[in-house]
There are 2 protein chains.
Amino acid sequence: MMANMARAATTSDVFNAIAEPQRREILVLLRAGERSVTELSREMGVSQPGASKHLRVLREVGLVRDRKAGKQRLYELDARGLRAVHEWTGGFERFWNESFDRLDAYVQDLKQARQEE
Amino acid sequence: MMANMARAATTSDVFNAIAEPQRREILVLLRAGERSVTELSREMGVSQPGASKHLRVLREVGLVRDRKAGKQRLYELDARGLRAVHEWTGGFERFWNESFDRLDAYVQDLKQARQEE
DNA sequence: CCAACGTATTCCGATATGGGTATATGATGG
DNA sequence: CCATCATATACCCATATCGGAATACGTTGG
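Taking an unreviewed UniProt entry as the reference, chain A is identified by name as ArsR family transcriptional regulator belonging to Murinocardiopsis flavida.

See below:
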């Protein structure tokens, strides 16, 4: 009865889609222009079904578009979905920019070391 | 012989760590300041072990620091690891702008097609 | 020391995941 | 229509994942 959901479906979630290194690699490759599945699988050193499956995920979350070109199917980047991730992480910019960040971490470490002695 | 790795371990990978909605929620909550585990679990409507386990993942990828405070353990944001994600997605900025242009062009085409009906 | 409180870990069950391999589906040229 | 190339899907396996419940561990006050 679907009581225990193991994790959010990788599809329909951009954060999950880009959690996979090979999928990130695909997106990077596609910045240089559209590619066929075979080209991608060769450039990545991955089996064709492997590439196809990752492309399916990327397609379902909307990060790539595909178009038929003869026997081939060309995949093209659609980076709009990455904007949400960029903006979400951007919401933390002031926290990683704080100049006392490193010093603060250092102080915390000292405190902790003391307490654990 | 560990031949089939199901997916990259969620630990040691920031992209994977933030693929989990609850973990993202924790990070957001911690922007307002450090919190104990119980406080977090209550604010999130999650069990205490649930919170603890997500915090462990976040700690292992370095997105939070913890410090003992009496019986409690206070968790604090360490957003530096998010910078990598921000920058990676930032590498696509010109593409999502371009995509908007393309969408815009498409919309223009639609308008035009209508007028020509 | 011990009772209590706060937190972490362990175990379990259901499910998602990724990589193979084999095979199905699709499109093309002739 | 057929042979062929390109891609997608199905199936299997090993493992990761998440949530819940029970329990272990740690700290503190009395």
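Draft legend 1. The overall build of chain A, seen in detail. A count of helices and strands for chain A gives 7 helices and 3 strands. When its helices and strands are written in sequence order, chain A yields α-α-β-α-α-β-β-α-α-α. Counting the 117 residues in chain A, one finds 39% classified as buried. Sequence separation of 24 or more characterises 46% of the internal contacts of chain A that already satisfy a separation of 6 or more. As presented, chain A carries roughly 7000 Å² of accessible surface, and 51% of it is formed by carbon and sulfur atoms.

Draft legend 2. Structural context of the interface of chain A and chain B. Of the residues lining the interface, 37 residues belong to chain A; the matching set on chain B comes to 36 residues. Of the roughly 3800 Å² buried where chain A meets chain B, counting both sides, 60% is carbon and sulfur surface. Counting across the interface, chain A meets chain B through 0 salt bridges. At the junction of chain A with chain B, the criterion picks out 7 residue pairs in polar contact (both at pLDDT 80 or more). Residue assignment for the side of chain A that touches chain B shows that the elements contributing at least two residues are α1 (14-17), α2 (21-30), β3 (72-77), α5 (82-90), α6 (93-97) and α7 (101-116) of chain A. In terms of residue count, α7(A) provides more of the side of chain A that touches chain B than any other element does, 8 residues in total. Split into classes, the residues belonging to the side of chain A that touches chain B amount to 14 nonpolar, 9 polar and 14 charged.

Draft legend 3. Representation of the side chain of Asp13(B) within the structure. Summarising the element assignment, Asp13(B) is placed in the segment before α1 (14-17). Here the side chain of Asp13(B) touches Phe15(B) through a polar contact of 2.8 Å, landing on its backbone nitrogen.

Draft legend 4. Here's a closer look at the sheet that holds β3(A). Residues and elements named next belong to chain A. The strand order across the open sheet formed by 3 strands is β1-β3-β2, and the pairing between neighbours is antiparallel. The sheet is open, and its two borders are formed by β1 (35-36) and β2 (64-69), each paired with just one other strand. In the sheet, β2 pairs with β3 via 6 bridges, with the strands oriented antiparallel. By the bridge assignment, Arg67 is partnered in β3 with Leu74.

Draft legend 5. Structural context of the pattern of salt bridges. Residues and elements named next belong to chain A. Throughout the structure, instances matching the rule amount to 16 salt bridges over all chains. Arg67 is paired through a salt bridge with Glu34; the nearest N and O atoms lie 2.6 Å apart. Of this pair, Arg67 sits in strand β2 while Glu34 sits in the loop between α2 and β1, and the two are 33 residues apart along the sequence. On the basis of relative accessibility, which here comes to 42%, the residue Arg67 falls in the partly exposed class. A salt bridge links Glu43 to Arg35, with the shortest nitrogen-to-oxygen separation between them at 2.4 Å. By relative accessible area, which is 13% here, Arg35 ends up buried. In the salt-bridge network here, residues are joined through shared partners; they are Arg65, Glu76, Asp78 and Arg80.

Draft legend 6. Seen up close, the packing of helix α2 (residues 21-30) of chain B against helix α4 (residues 48-60) of chain B. Residues and elements named next belong to chain B. Between α2 and α4, whose axes approach to 10 Å, the crossing angle comes to 75°. The angle between the axes of α2 and α4 places the two elements in the roughly perpendicular class. Residues Gln22, Arg23, Ile26 and Leu27 of α2 pack against His54, Leu55, Val57 and Leu58 of α4. When grouped by side-chain class, the residues that make up the contact of α2 with α4 number 5 nonpolar, 2 polar and 1 charged.

Draft legend 7. Representation of the sheet that holds strand β3 (residues 72-77) of chain B within the structure. Spatially, 3 strands are ordered β1-β3-β2 (chain B) in an open sheet, and the strand pairing comes out antiparallel. Both edges of this open sheet fall to β1 (35-36) and β2 (64-69) of chain B, since each of them pairs with a single strand only.

Draft legend 8. Spotlight on α5(A). Within α5(A), burial applies to Leu82(A), Val85(A), His86(A), Trp88(A) and Thr89(A). Seen along its axis, α5(A) keeps its buried residues to an arc of 165°; they face one direction.

Draft legend 9. Spatial organisation of the pairing of β3(A). Residue and element names in this part refer to chain A. Bridge count between β1 and β3: 2 bridges; the pairing is antiparallel. Looking across to β3, one finds that Ser36 is bridged to Leu74. Linking β2 to β3, which pair antiparallel, is a turn of 2 residues; within it Gly70 sits at a positive phi near 65°.

Analysis parameters
Residues numbered from 1 in each chain as written. Chains lettered and ligands numbered in written order. Predicted model: local features only at pLDDT ≥ 70, side-chain atom pairs only at ≥ 80, totals over all residues. Heavy atoms only, no water. Helix = DSSP H or I, 4+ residues; strand = E, 2+ residues; numbered from the N terminus. Buried < 20%, exposed > 50% of the residue type's maximum accessible area, 1.4 Å probe, protein only. Contact = heavy atoms within 4.5 Å. Areas by Shrake-Rupley, 256 points an atom, 1.4 Å probe, with all protein chains shown as cover. Buried area = accessible area lost by both parts, 1.4 Å probe. Salt bridge = Lys/Arg side-chain N within 4 Å of Asp/Glu carboxyl O. Polar contact = N/O pair within 3.5 Å; in protein donor to acceptor, adjacent residues only side chain to side chain. Nonpolar A, V, L, I, M, F, W, Y, C, P; charged D, E, K, R; others polar. Pairing = 2+ DSSP bridges. Axes fitted to C-alpha atoms, helices over the stretch in contact; angles between N-to-C directions. Parallel < 35°, antiparallel > 145°, perpendicular 65-115°, else oblique. Arc of directions from axis to C-beta.

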